[in-house]
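# Fold and contact review
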Amino acid sequence: MNDKTKLDDSESAAMTTSDRDLAPSAADKHHPLLKLVLELGPLLVFFFANLRGEWLVQQFPALSALGGPLFVATGLFMVATALSLIVSKIMLGHLPLMPFVSGIVVLIFGALGIYLQSEIFIKMKPTIVNALFGVVLLGGLAFGKSLLGYVFNAAFQLDSEGWHKLTFRWGIFFLVLAVLNEVVWRGSNWLYLPDVKAADNLWVNFKVWGTMPITILFTLSQMPLIMKHTIEPPADTE
């Protein structure tokens, strides 16, 4: 009986440690709108820079060194992403995991795309990022870790079963997004080439106005699961 009591206490302590690790920081609680702006801002810069790429080159001739509108948009996207990460570090006191990983891939693949003047690196970036997130989330579950709890802890407080199910669903969703991105950019090339601009515009529109609504709809579809497994956060102590 004593051994069982000790085991229960040990499991309780472990669960408490896990809950503490997943607790949102004060900065995350106080700046939810800032986090949203920092994550969506660079994407909107990318869309409008591609849309008005030729006008931007006329206004700022130095941008012509980057290449066509898609490469100009990519260069500005890289700058906006770097600024977003810097502001996140200053205002929130840390770098959010998913934007940080995505930002690193943006900088690497964006630089390669501009240097080699190859759209392939730019268009494959979402594939790489989403596939990476999907594999990491599902791989974490294989080792008993619901890694999504460390990303969404500022938004939700769930029990362990809830985090496990949500992590699995998001892992699959990221893999679907990776496949969908490949289908869209390769399909647009097949459909529009040799009209490169039309193919680029279709992919950019999908990236901004397709991926975002799909992600929002998927997030909303998870609300029943979230509501079912939500737990009350511990009261703040003075």
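Residues numbered from 1 in each chain as written. Predicted model: local features only at pLDDT ≥ 70, side-chain atom pairs only at ≥ 80, totals over all residues. Heavy atoms only, no water.

## Brief notes about the packing of helix 7 (residues 119-142) against helix 9 (residues 196-221)
Between helix 7 and helix 9, the shortest axis-to-axis distance is 11 Å and the interhelical angle comes to 20°. One element, helix 7, and the other, helix 9, form an angle in the roughly parallel class. For the crossing formed where helix 7 meets helix 9, the hand is left-handed. On helix 9, the residues that touch Glu119, Ile122, Lys123, Lys125 and Pro126 of helix 7 are Val196, Ala199, Asp200, Trp203 and Lys207. (Axes fitted to C-alpha atoms, helices over the stretch in contact; angles between N-to-C directions. Helix = DSSP H or I, 4+ residues; strand = E, 2+ residues; numbered from the N terminus. Parallel < 35°, antiparallel > 145°, perpendicular 65-115°, else oblique. Left-handed = near helix turned anticlockwise from the far one by under 90°. Contact = heavy atoms within 4.5 Å.)

## Focus: unusual backbone geometry
Positive phi values are uncommon outside glycine, yet glutamine 117 reaches one of about 50°. As for its placement among the helices and strands, glutamine 117 is situated in the loop between helix 6 (97-116) and helix 7.

## Focus: the confidence of the model for the protein
Of the residues in the protein, 83% have a pLDDT of 70 or more, and the chain-wide mean is 82. Per-element confidence in the protein is highest for helix 8 (residues 160-192), whose mean pLDDT is 93, and lowest for helix 1 (residues 2-22), whose mean pLDDT is 43. Taken together, the stretch residues 3-22 has pLDDT below 50 and engages in eight contacts with residues farther than four places along the chain or on a different chain. (pLDDT = per-residue confidence, 0-100.)

## Looking at the side chain of serine 146
Counting through the fold element by element, serine 146 comes out in the loop between helix 7 and helix 8. You can call serine 146 buried: its relative accessible area is 17%. A polar contact is formed between the side chain of serine 146 and the backbone nitrogen of histidine 164, at a distance of 3.5 Å. Apart from the residues lying within four places of it in its own chain, the contact partners of serine 146 are Leu141, Ser160, Trp163, His164 and Thr167. (Buried < 20%, exposed > 50% of the residue type's maximum accessible area, 1.4 Å probe, protein only. Polar contact = N/O pair within 3.5 Å; in protein donor to acceptor, adjacent residues only side chain to side chain.)

## Re the pattern of salt bridges
Two side chains carrying opposite charge are able to pair once their charged atoms lie near each other. Under the criterion given, the structure shown has four salt bridges. Salt-bridge contacts for aspartate 200 lead to lysine 123; the nearest nitrogen and oxygen are separated by 2.8 Å. Taken together, the positions of aspartate 200 in helix 9 and lysine 123 in helix 7 put the pair 77 residues apart, joining distant regions of the chain. The residue glutamate 182 makes a salt bridge to arginine 186 at a minimum N-O spacing of 2.7 Å. Of the two residues, glutamate 182 and arginine 186 are both situated in helix 8; the distance of four residues between them amounts to about one turn of the helix. Using a relative accessible area of 15% as the deciding quantity, one classes glutamate 182 as buried. Its relative accessible area of 45% is what places arginine 186 among the partly exposed residues. One connected set of salt bridges, linked through shared partners, spans Glu119, Lys123 and Asp200. (Salt bridge = Lys/Arg side-chain N within 4 Å of Asp/Glu carboxyl O.)

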